[in-house]
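Listed below, chain by chain, are the residues.
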There are 2 protein chains.
Amino acid sequence: MENEKTNSKTITIYDIAREAGVSASTVSRVLTGNAAVRQDKKERIQSIINKYNFRPNALAKGLSDTSTKTIGIIAADVRNPYYSALFVACEVAAEKAGYSVSLANSLGEKEREQAQLDLLMQQRVDAIIQMGGRVDDLITDDAYAEKVRNVCRTTPVVVTGKLDKAPVHSVVIDDAMGMSIVMEHLIGLGHRKIALVGGEMRVNSTFLKYQKYREILAQHGIQENGEYVVNGTYDPESGYEATNKILELSNRPTAIIAINDFAASGALRSIREHKLHVPKDISVISFDNTYITDLVMPKLTSVDYNYDEYGKILIEIATQAAMGGETDSIRMIKPQIVIRDSTGPVPKEK
Amino acid sequence: MENEKTNSKTITIYDIAREAGVSASTVSRVLTGNAAVRQDKKERIQSIINKYNFRPNALAKGLSDTSTKTIGIIAADVRNPYYSALFVACEVAAEKAGYSVSLANSLGEKEREQAQLDLLMQQRVDAIIQMGGRVDDLITDDAYAEKVRNVCRTTPVVVTGKLDKAPVHSVVIDDAMGMSIVMEHLIGLGHRKIALVGGEMRVNSTFLKYQKYREILAQHGIQENGEYVVNGTYDPESGYEATNKILELSNRPTAIIAINDFAASGALRSIREHKLHVPKDISVISFDNTYITDLVMPKLTSVDYNYDEYGKILIEIATQAAMGGETDSIRMIKPQIVIRDSTGPVPKEK
DNA sequence: ATAAGGATTGAAACCGATTTCAATTTTAAT
DNA sequence: ATTAAAATTGAAATCGGTTTCAATCCTTAT
């Protein structure tokens, strides 16, 4: 009942061996190139392989090799251009290193994330890269931390972000530096009334940015205005609402830092509806430098992480770990600002 | 040299069996639930499984089952929200059906696409879904068609689009109907000078739209203006340039149909730079209804395909085909218009 | 022509599950 | 208490590769 495919029988290494009049071992040797085979036999076997377009069963290979040359990737949501950019960068880098990747989306659900961790482990991927998602919850959720620790026991895990609850490898964006660059850019343009839009403080990367924001304000002798910081959920609608609140203040800021490009697009809409102009009346800057920066008007100044490089590093660490490299490594990604049309000099006081 | 992981030995069904004092067969039976096991033994085994957090090796399982419960998906580029939306819809639908998915991006390169087809076949996915990509080239590229035919011999392939060169299953968007809806919407608003922006005629879905566009113009007795049709490459920049050309015509159109939301965003920019307003001076409508429609100003009227439903159908066909269903099925997706702020009544002649 | 040495080769074991088949244990019926 | 029928169980084969190890085949030097 199960296997009633009408497909032609899939051909195996034994079929090739029989037709070539050699043993399966010999066919395997030409397949892997791990050992010498006499030239004429090699050619004969190769031609039969070509004739049938034979491809060795990756399951059997992985079972015997104990390596699948596959890296599992769990992303929060590839519909977010930040993750899709990073995923594609990983895929390309992996391919260069002779690995393929397999993607799963956690969609921000802890249960999905754990199920996917399990699944990838079962599939015997050589390493798992976890981008975003509910990693931050590990700090509070012990059962979850235990699960990750368990996975780490058999499969190396690389996480984008920091994590002390489990022996994972980390690649972290220097969020403080990112905020620092943003603040210096704005302050250099004369801004002193700077608002922060979007983000949840329980998310580490957001919290680090906030800390730096305060630190730099202090450095420049600027009094922090609590009303200028409005949390949100990283989407356009939330950026829109947060900005609405801010623009209704009697003492409006002259610059808005959005937690990501999505929130910034919402901010732009709110600003437009308040009949203000960017960057003449108010500057907007954001993080992630996704293609969204190019779609909205004006084009957004944003903080970039060099996704190609970022992906390359993730894959590098993952493959090294897969080959038994040391655990607990940590690498930093240095952000860079990409200046477009949404930031400009502070407007003159009237 | 190869296997110098310091990880603890991965535990197998035999380890569980030994500790439970039963045979591996019995452990397997509680794992799969395919056969009865005495209650007390079952519980003992289950508790040992839990104790070690044991997960059966999916490679070994797949090898013995001849089903991996995995569906391979090849997308043109998940960075495009059309594909990411469809991919996530597939992932969710697959999960409900007890399958997992594995994603590869062809990035519009024929060689990558073929390599990925090969790889997925080697990984013994139960079916392959190919979304977009160079499928259209199959019509002209015989070597490629031969490759696909070869894959089809062992693994069912589901394609988004039509294809007679290989025995694949098809899910196609009714592009003609989409264009029809768009045209009726615009004509209903009084527009008669309607331009078409972006797209390459060699791409079937684009060509079908163009055909319907002409057909409907004719139906309404509107003379086609060749200058109103400007091809492009589906990205913002291309939509921008095409629209620039159109807006420099002496006899400007009052509505622009963009081939997708990206092109539409470029069109909006061009229109803005020409000091025109949407939809007061000119209406803009596009295809795909991605989240981009929500980011730009004004929000875009666009044609939606109900991605959840679309993904569900793709997975349905893929899983049925995997279980030996008939080949060569074809399903149609009916598009729907989502009206937002970018389309309005034709401006009064001055 | 022959022995030593290296190059090729195949048989068999292994990777970790599932499943068939026959044997054994339970349970139910008489 | 017996026996037939039903429920459990384990041994062994299988899935399709890779690799070890011992055997066989060539070379080349003597």
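What counts and how
- Residues numbered from 1 in each chain as written.
- Chains lettered and ligands numbered in written order.
- Predicted model: local features only at pLDDT ≥ 70, side-chain atom pairs only at ≥ 80, totals over all residues.
- Heavy atoms only, no water.
- Helix = DSSP H or I, 4+ residues; strand = E, 2+ residues; numbered from the N terminus.
- Contact = heavy atoms within 4.5 Å.
- Buried < 20%, exposed > 50% of the residue type's maximum accessible area, 1.4 Å probe, protein only.
- Polar contact = N/O pair within 3.5 Å; in protein donor to acceptor, adjacent residues only side chain to side chain.
- Near = heavy atom within 4 Å.
- Nonpolar A, V, L, I, M, F, W, Y, C, P; charged D, E, K, R; others polar.
- Pairing = 2+ DSSP bridges.
- Axes fitted to C-alpha atoms, helices over the stretch in contact; angles between N-to-C directions.
- Buried area = accessible area lost by both parts, 1.4 Å probe.
- Salt bridge = Lys/Arg side-chain N within 4 Å of Asp/Glu carboxyl O.
- Domains from an automatic or database assignment.
- Least-squares fit on C-alpha atoms with pLDDT ≥ 70 in both.
- Lys, Arg positive; Asp, Glu negative; His and termini not counted.
- Parallel < 35°, antiparallel > 145°, perpendicular 65-115°, else oblique.
- Left-handed = near helix turned anticlockwise from the far one by under 90°.
- pLDDT = per-residue confidence, 0-100.

## A short note on the environment of Val158(A)
All names here are of chain A.
Here is step 1: Position of Val158 relative to the elements: it lies in strand S4 (residues 157–160).
Here is step 2: Residues Val158 and Ile129 lie 29 residues apart in sequence; the distance between their C-alpha atoms is 4.7 Å.
Here is step 3: Once you skip the residues sitting within four places of it in the chain, Val158 turns out to touch Ile128, Ile129, Gln130, His169, Val171, Leu314, Ile317 and Ala318.

## Looking at the environment of Thr160(A)
All names here are of chain A.
Here is step 1: Of note, Thr160 is situated in strand S4.
Here is step 2: In this structure Thr160 comes out as buried when scored by relative accessible area, which is 15%.
Here is step 3: Residues within four places of Thr160 in sequence aside, it is in contact with Gln130, Met131, Gly132, Val171, Tyr310 and Leu314.
Here is step 4: Only 3.1 Å separates the side chain of Thr160 from the backbone nitrogen of Gly132, close enough to count as a polar contact.

## Topic: the protein's contact with DNA strand C
Here is step 1: Arg29(A), Ile13(B), Ser28(B), Asn57(B) and Ser64(B) are the nearest of the 27 residues found near DNA strand C.
Here is step 2: The sugar-phosphate portion of DNA strand C accounts for 63% of its atoms within 4 Å of the protein, the bases making up the rest.
Here is step 3: A distance of 3.1 Å is found between a base nitrogen of DNA strand C and a side-chain nitrogen or oxygen belonging to Tyr14(B).
Here is step 4: Its residues placed into classes, the surface near DNA strand C shows 9 nonpolar, 12 polar and 6 charged.

## Let's talk about the sheet that holds strand S12 (residues 336–338) of chain B
Residues and elements named next belong to chain B.
Here is step 1: Spatial ordering of the open sheet is given by S7-S6-S8-S9-S10-S12, a layout of 6 strands whose pairing is mixed. At either margin of the open sheet sits one strand with a lone partner, and together these are strand S7 (229–230) and S12.
Here is step 2: In this structure, strand S6 (residues 194–197) lies alongside S7, joined through 2 bridges in parallel fashion. From the neighbouring strand, Val197 faces S7, where its bridge partner is Val230.
Here is step 3: Contacting strand S8 (255–258), strand S9 (283–287) and strand S10 (301–304), helix H11 (residues 261–273) crosses the sheet at an angle of about 165° to S9.

## Re the interface of chain A and chain B
Here is step 1: Contact residues are listed per partner, giving 66 residues for chain A and 66 residues for chain B.
Here is step 2: Counting the surface lost from both chain A and chain B, the interface buries some 5,900 Å², and carbon and sulfur atoms represent 52% of this.
Here is step 3: Viewed at the interface, chain B and chain A are joined by 6 salt bridges.
Here is step 4: The salt bridge involving Glu91(B) is made with Arg112(A); its shortest N-O contact spans 3.8 Å.
Here is step 5: Applying the counting criterion to the chain A and chain B interface returns 16 residue pairs in polar contact (both at pLDDT 80 or more).
Here is step 6: Of all the elements in the fold, those that place two or more residues in the side of chain A that touches chain B are helix H4 (58–65), helix H5 (81–96), strand S2 (100–105), helix H6 (110–122), helix H7 (142–154), helix H11 (261–273) and helix H12 (292–295) of chain A.
Here is step 7: The element contributing the most residues to the side of chain A that touches chain B is H5(A), with 8 residues.
Here is step 8: Looking at side-chain class alone, the side of chain A that touches chain B contains 29 nonpolar, 21 polar and 16 charged residues.

## A short note on the domain arrangement of chain A
Here is step 1: Segmentation of chain A into domains returns domain 1 (5–61), domain 2 (70–171 + 306–333) and domain 3 (175–305).
Here is step 2: In this structure, domain 1 of chain A and domain 2 of chain A have C-alpha centres spaced 35 Å apart.

## A word on the protein's contact with DNA strand D
Here is step 1: Neighbouring DNA strand D are 27 residues, the closest being Ile13(A), Ser28(A), Ser64(A), Thr26(B) and Arg29(B).
Here is step 2: Backbone atoms, meaning sugar and phosphate, make up 62% of the atoms of DNA strand D lying within 4 Å of the protein.
Here is step 3: In this structure, a base nitrogen belonging to DNA strand D sits 3.0 Å away from a side-chain N or O atom of Ser25(B).
Here is step 4: Here Thr26(B) contributes a side-chain N or O atom positioned 2.6 Å from a phosphate oxygen of DNA strand D.
Here is step 5: Looking at the surface near DNA strand D, the elements that each hand over two or more residues are helix H1 (13–20), helix H2 (24–32) and H4 of chain A together with helix H2 (24–32) and helix H4 (58–65) of chain B.
Here is step 6: Counted by class, the surface near DNA strand D contains 9 nonpolar, 12 polar and 6 charged residues.

## Side note on the relation of the copies chain A and chain B
Here is step 1: Of the two same-sequence chains, chain A is brought onto chain B (RMSD 0.1 Å, axial shift 0.1 Å) by a rotation of 180°. One copy is carried onto the other by what is essentially a two-fold rotation axis.

## A few points about the side chain of Asp288(A)
Here is step 1: Structurally, Asp288(A) can be placed in the loop between strand S9 (283–287) and H12.
Here is step 2: The charged side chain of Asp288(A) is buried without a salt bridge, its nearest counter-charge being Lys209(A) at 5.6 Å.

## Points about the packing of helix H1 (residues 13–20) of chain B against helix H3 (residues 39–52) of chain B
All names here are of chain B.
Here is step 1: The N-to-C vectors of H1 and H3 enclose an angle of 125°; their axes lie 10 Å apart at closest approach. Between H1 and H3, the interaxial angle falls into the category oblique. The chirality of how H1 crosses H3 is right-handed. Of H3, the residues touching H1 (which contributes Ile16, Glu19 and Ala20) are Arg44, Ile45, Ile48, Ile49, Lys51 and Tyr52.
Here is step 2: A breakdown of the residues in the contact of H1 with H3 according to their chemical character gives 6 nonpolar, no polar and 3 charged.

## Quick word on the confidence of the model for chain A
Here is step 1: In the predicted model, chain A carries a mean pLDDT of 91, and 95% of its residues have values of at least 70.
Here is step 2: Contacts of residues 1–7 of chain A to residues separated by more than four positions or lying in other chains number 8 contacts, the stretch itself having pLDDT below 50.

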